[in-house]
Amino acid sequence: MKLLLPSLLLLSVFSFGGRDKFACINKPFQGPTDTDTLVIGDINNDKIIDTAFIVGPKWLNEEDGWGDPKTSPYEIDVHFSCGLPSIHDDNAVTGYIENIGDIDGDGVSEVIVVPIWFIGCWGRMKFYTYKKGQWRYFGDADCHICTDEKYIGRITKLSKNKIRVIEDAWDSESADRVKKPKILKLNSK
Ligand SMILES: [Ca+2]
Ligand SMILES: [Ca+2]
């Protein structure tokens, strides 16, 4: 279980059952929170393990759910314990982040951020590289988020500027989920 995060317990309330990465959490309800914490390894190559803090919209209470988007927008910011700038996503109630290693060898890992909404199992891996003092988005790939799978297993480094990611796609002929390779370039945007 990679998402042992208190506020994700709330998401299990909204999930539609099935094999869900949120639904199988067996810890008791911890109460509302708007910050999730994930240990993500050493992303800035200083030999110190780093933590990501995913700050989401303010939860009011079980009856009202997340608060008024006018005062607490459904947006997240991912902050880092090592002092790197944060990553913002403007359409999420929480999220997941994973360190995929330093693909281009500049000393800072590239990362995947998966914004998470209230319900549903389809998500998107959003890829970021750190350049000139800020995180720069360089592509995305569809994924199924209702599993315990680590996304790094889908990534193959092809060169310092190119990765192959296996994304999930819906095949209407077979009416099933299939895996498709996609090439992303770090300097494409
Ligand atoms: Ca570090
Ligand atoms: Ca890098």
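Counting from 1, residues in each chain are numbered in the order their sequence is written. Whichever chain is written first is A, and whichever ligand is written first is 1; the rest continue in order. With the structure being a predicted model, the display of local features is reserved for residues of pLDDT at least 70 and the display and counting of side-chain atom pairs for 80 or more, all residues being used for whole-chain, interface and lining totals.

**Thoughts on the overall build of the protein**
Put simply, the rule reads: For helices the rule is a DSSP run of H or I covering at least 4 residues; for strands it is a run of E covering at least 2, with both sets numbered from the N terminus onward. Backbone-placed C-beta atoms define the burial measure: a residue is buried with 20 or more other C-beta atoms within 10 Å of its own, exposed with 12 or fewer, and partly exposed in between.
Helix and strand counts for the protein stand at 1 helix and 13 strands. Each helix and strand of the protein, ordered N terminal to C terminal, gives the series α-β-β-β-β-β-β-β-β-β-β-β-β-β. Relative to its full complement of 189 residues, the protein shows a buried share of 30%.

**What to know about the sheet that holds strand β7 (residues 94–99)**
In sheet architecture, strand pairing relies on hydrogen bonds along the backbone and comes in two forms, parallel and antiparallel. We count it as follows: When DSSP finds two or more bridges between a pair of strands, those strands are recorded as paired. Structural elements are reduced to axes, namely lines fitted to C-alpha atoms, with helices fitted over the stretch in contact, and the angle between N-to-C directions of any two is expressed from 0 to 180 degrees.
With antiparallel pairing, 4 strands are arranged side by side in an open sheet as β7-β8-β9-β10. Across the chains shown, the open sheet's two edge strands, defined by having one partner strand only, are β7 and β10 (134–144). When the angles between neighbouring strand axes are averaged without regard to direction, this sheet yields 25°. In this sheet, strand β9 (residues 122–131) lies alongside strand β8 (residues 111–116) in antiparallel orientation, the contact comprising 3 bridges. Along β9, the bridge assignment pairs Ile112 with Phe127.

**Some details on the confidence of the model for the protein**
The condition is simple: pLDDT runs from 0 to 100 and stands for how confident the predictor is about each residue. Here, residues touch in the contact sense if the C-beta positions derived from the backbone fall within 7 Å of one another.
In this model, the protein carries an average pLDDT of 82, and 81% of its residues clear a pLDDT of 70 or more. Across the protein, strand β11 (residues 155–159) holds the top mean pLDDT of 98, while helix α1 (residues 6–14) sits lowest at 39. In this model, residues 1–32 is a region of pLDDT below 50 whose contacts with residues beyond four sequence positions or in other chains number 51 contacts.

**Quick notes on the environment of Trp135**
Along the chain, Trp135 turns up in strand β10. Through-space distance from the C-alpha of Trp135 to that of His88 is 9.5 Å; in sequence the pair is 47 residues apart. What Trp135 contacts, discounting residues up to four positions off in sequence, is Pro85, Ile87, Tyr128 and Tyr130.

**Section: the pairing of strand β2 (residues 50–55)**
Examined bridge by bridge, strand β1 (residues 35–41) and β2 share 6 bridges and lie antiparallel to one another. In the strand pairing of β2, Thr35 is matched with Val55. Note that β2 and strand β5 (residues 76–80) share 4 bridges and pair antiparallel. Each bridged residue has a counterpart across the sheet, and for Ile54 the counterpart in β5 is Val78.

**Section: the pairing of β8**
Across the 6 residues of β8, 6 count as buried, placing the element largely inside the fold. In this sheet, β8 lies alongside β7 in antiparallel orientation, the contact comprising 6 bridges. Bridge pairing in β8 links Tyr96 to Val114. Turn length for the β8-β9 hairpin, with the two strands adjacent in sequence and antiparallel, is 5 residues, and the turn residue Gly120 shows positive phi of about 95°.

**Concerning the sheet that holds β11**
One open sheet accounts for 3 strands, arranged β11-β12-β13; its pairing is antiparallel. Unpaired on one side and paired on the other, β11 and β13 (176–185) mark the two borders of the sheet. Shown here is a sheet whose adjacent strand axes are inclined to one another by a mean of 35°, direction ignored. Of the strand pairs in this sheet, β11 and strand β12 (residues 162–171) are connected by 4 bridges, and their pairing is antiparallel. Residue pairing across strands places Thr156 opposite Arg164, the latter belonging to β12.

**Focus: unusual backbone geometry**
In this structure, Lys47 takes a positive phi of about 70° despite not being glycine. According to the C-beta neighbour criterion, Lys47 is exposed, with 6 such atoms within 10 Å. Despite not being glycine, Lys132 shows a phi value in the positive range, around 50°. For Lys132, a count of 5 C-beta atoms within 10 Å corresponds to the exposed category.

**A look at the nonpolar core**
Just so we agree on the cut-off: The term nonpolar core refers to a group of buried residues, namely Ala, Val, Leu, Ile, Met, Phe, Trp, Tyr and Cys, whose C-beta atoms join them within 7 Å.
If you look at the biggest cluster of nonpolar residues, it comprises 34 residues, and the most contacted ones within it are Val78, Ile97, Val111, Ile112, Val113, Val114 and Met125. Among the secondary structure elements, those contributing two or more residues to this core are β2, β5, β7, β8, β9, β10 and β12. With sequence-adjacent residues up to four places away left out, Val111 is seen in contact with Ile43, Ile97, Glu98, Asn99, Ile100 and Tyr128.

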